[in-house]
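# Secondary and tertiary structure notes
What follows is each chain in one-letter form.
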Amino acid sequence: MQISLIQALLIGVVYYLGINGTPWLTLVGSTIIQKPLVSGLLVGIIMGDPVQGAVIGAAIQLPFIAYISAGGAPPTDPGLAGTLGTALALAAGVDPATAIAIATPIGLLGTIIWVIHMTVDVVFAHMCDRAAENGDTKALAFWHLCPPQIVAAIIGIIPVMLGAYFGAGVVADIINALEGRPLETLQVIGGILPAIGIAMNLRALDRPGVILWFVLGFVVVQYSGIATLPLAVLAGIVAYLITGSAASGAEMVPVQPVIAGGAPPSADIASEDSDADFE
């Protein structure tokens, strides 16, 4: 499958909209588009195969399922892996396991874009400080919104557009050259990577009272025969009931004042009070 210039441009726009901090769809919207499952679907729509785009995006999502961007040093870029990785995988016609092996190193390259983005934005932060010192709210809004988004669009859209337009043929040639045992090895590696992402997610769930719910959900999915959608609705209802009851229980706990010694007042302490204590 050949990616046209217009398609490559639109794929770059999808990546730009998923960059953390893009205000056009609100921050919530940008973080949702950043997920490979969502960006893969959008790329599939652009390339005329939304179903396969969603399938590949869902596969790429698994290694990044426990992704957390803490501070200014993200370990990888799931947005770039989901957009450019899905585009190249669709163009090369590979299976989801191979797509994971292609997209994972692409996600690592996305950290370069992030570092450039944050480094350049420091200049605009100083401009905002200067405008705030002068009390110029219009200049503050301008430096806060416009220049950072122009930079984000340049470093987000252009590299992805060029990578999708010129990289599709290169990836297809590489896949053809790896036919046989090398490609099978690549597929095995791609099949292992989702297990790593799920294992990282399990570490986050390793808390009393949480991991048991995960095990229960796994057993129900495997042996009940219930479809995914009604099971997800049922899980949402259970989660709401559990968290709602916990919140209401917390509200009913009486709050007692604490005296200087750290213990709540008692009847014995109150009975020992006398006028002599205040003389």
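Since we're looking at a predicted model, the values are computed, not measured. (Residues numbered from 1 in each chain as written. Predicted model: local features only at pLDDT ≥ 70, side-chain atom pairs only at ≥ 80, totals over all residues. Heavy atoms only, no water.)

Take the overall build of the protein next. Helix and strand counts for the protein stand at 11 helices and 0 strands. Per-residue burial for the protein yields a buried fraction of 32% across its 279 residues. Long-range contacts, defined as pairs at least 24 residues apart, comprise 70% of the intrachain contacts of the protein with a sequence gap of at least 6. (Helix = DSSP H or I, 4+ residues; strand = E, 2+ residues; numbered from the N terminus. Buried < 20%, exposed > 50% of the residue type's maximum accessible area, 1.4 Å probe, protein only. Contact = heavy atoms within 4.5 Å.)

Moving on, we get to the UniProt feature "transmembrane region" (unreviewed entry) in the protein. Here, the residues flagged by UniProt with the feature "transmembrane region" (unreviewed entry) are residues 6-27, 97-117, 150-174, 186-205 and 211-242. Span residues 97-117 is 100% helix and 0% strand, its end C-alpha atoms 31 Å apart. Across residues 211-242, helical content stands at 88% and strand content at 0%; the span's end C-alpha atoms are separated by 15 Å. (UniProt positions renumbered as here; feature names shortened; annotations may be inferred.)

Let us now look at the packing of aromatic side chains. Two descriptors summarise a pair of aromatic rings, namely the distance from one centre to the other and the angle between the planes of the rings. A full pass over the atoms with the stated rule returns 3 aromatic pairs. Here phenylalanine 124 and tryptophan 143 contribute two aromatic rings whose centre-to-centre distance is 6.2 Å and whose plane-to-plane angle is 25°, an arrangement assigned as stacked. With a gap of 19 residues between them, phenylalanine 124 in helix 6 (residues 96-134) and tryptophan 143 in helix 7 (residues 137-177) connect regions that are remote in the sequence. Considering the side-chain rings of phenylalanine 142 and tryptophan 143, the 5.3 Å spacing of their centres and the 75° angle between planes classify their relative orientation as edge-to-face. Phenylalanine 142 sits in the partly exposed class, given a relative accessible area of 41%. Among the aromatic residues, those joined into a ring-pair cluster are Phe124, Phe142 and Trp143. (Phe/Tyr/Trp six-rings, centres within 6.5 Å; stacked < 30°, edge-to-face > 60°.)

Now for the environment of glycine 79. In this structure, glycine 79 sits in helix 5 (residues 78-92). In contact with glycine 79, other than residues within four places in its own chain, are Tyr15, Gln34 and Ser39.

Take the packing of helix 4 (residues 50-61) against helix 6 next. The relative placement of two packed helices comes down to the angle between their axes together with the axis-to-axis distance. Relative orientation of the contacting elements helix 4 and helix 6 amounts to 55°, with a least axis distance of 9 Å. Accordingly, the angle class assigned to the pair helix 4 and helix 6 is oblique. Crossing angle aside, the handedness with which helix 4 passes helix 6 is right-handed. Within the contact between the two elements, helix 4 uses Val55, Ile56, Ala59 and Ile60 and helix 6 uses Pro96, Ala99, Ile100 and Ala103. In the contact of helix 4 with helix 6, the residues fall into 8 nonpolar, no polar and no charged. (Axes fitted to C-alpha atoms, helices over the stretch in contact; angles between N-to-C directions. Parallel < 35°, antiparallel > 145°, perpendicular 65-115°, else oblique. Left-handed = near helix turned anticlockwise from the far one by under 90°. Nonpolar A, V, L, I, M, F, W, Y, C, P; charged D, E, K, R; others polar.)

So, on to a nonpolar patch on the surface. Side chains of Leu5, Ile150, Ile154, Ile158, Leu162, Tyr165 and Phe166 sit close together on the surface and give an oily, nonpolar patch of about 660 Å² of accessible area. For the nonpolar patch, the element with the highest residue contribution is helix 7, accounting for 6 residues. Its location among the elements puts leucine 5 in helix 1 (residues 5-17). You can call leucine 5 partly exposed: its relative accessible area is 48%. (Patch = residues over 30% accessible without salt bridge, like charges linked within 9 Å, V, L, I, M, F, W, Y side chains within 5 Å. Areas by Shrake-Rupley, 256 points an atom, 1.4 Å probe, with all protein chains shown as cover. Salt bridge = Lys/Arg side-chain N within 4 Å of Asp/Glu carboxyl O.)

Moving on to helix 9 (residues 211-223). Along its 13 residues, helix 9 runs 18 Å from first to last C-alpha, staying within 8% of the 18 Å computed at 1.5 Å per residue. In the stretch just after helix 9, glycine 225 is the one whose phi turns positive, near 80°. (Expected span 1.5 Å × (residues − 1).)

Two numbers describe how helix 1 lies on helix 5: the axes approach to 9 Å, and their chain directions differ by 165°. The orientation of helix 1 relative to helix 5 falls into the category roughly antiparallel. Considering the relative orientation of helix 1 and helix 5, their crossing is right-handed. Residue-level contacts link Ile11, Val14 and Tyr15 of helix 1 to Gly79, Leu80, Thr83 and Ala87 of helix 5. Its residues assigned to classes, the contact of helix 1 with helix 5 shows 5 nonpolar, 2 polar and no charged.

So, about the confidence of the model for the protein. Per-residue pLDDT for the protein has a mean of 77; in total, 68% of the residues score no lower than 70. The secondary-structure element of the protein with the lowest mean pLDDT is helix 11 (residues 267-272), recorded at 49, while helix 3 (residues 36-46) shows the highest, at 91. (pLDDT = per-residue confidence, 0-100.)

The subject of this paragraph is helix 6. Its 39 residues place the ends of helix 6 55 Å apart at the C-alpha level, agreeing with the 57 Å of an ideal helix rising 1.5 Å per residue. Along helix 6, the sharpest change in direction is near 30° and occurs at valine 122. The opening residue of helix 6, the one whose side-chain oxygen lies 3.2 Å from the backbone nitrogen of alanine 97, is aspartate 95. Directly beyond the C-terminal end of helix 6, a positive phi value near 70° is found at glycine 135. (Bend = angle between axes of the 7 residues up to and from the residue. Polar contact = N/O pair within 3.5 Å; in protein donor to acceptor, adjacent residues only side chain to side chain.)

Turning to the side chain of threonine 83, a few remarks are in order. As for its placement among the helices and strands, threonine 83 is situated in helix 5. The exposure class of threonine 83 is buried, given its relative accessible area of 1%. At 2.8 Å, the side chain of threonine 83 forms a polar contact with the backbone oxygen of glycine 79.

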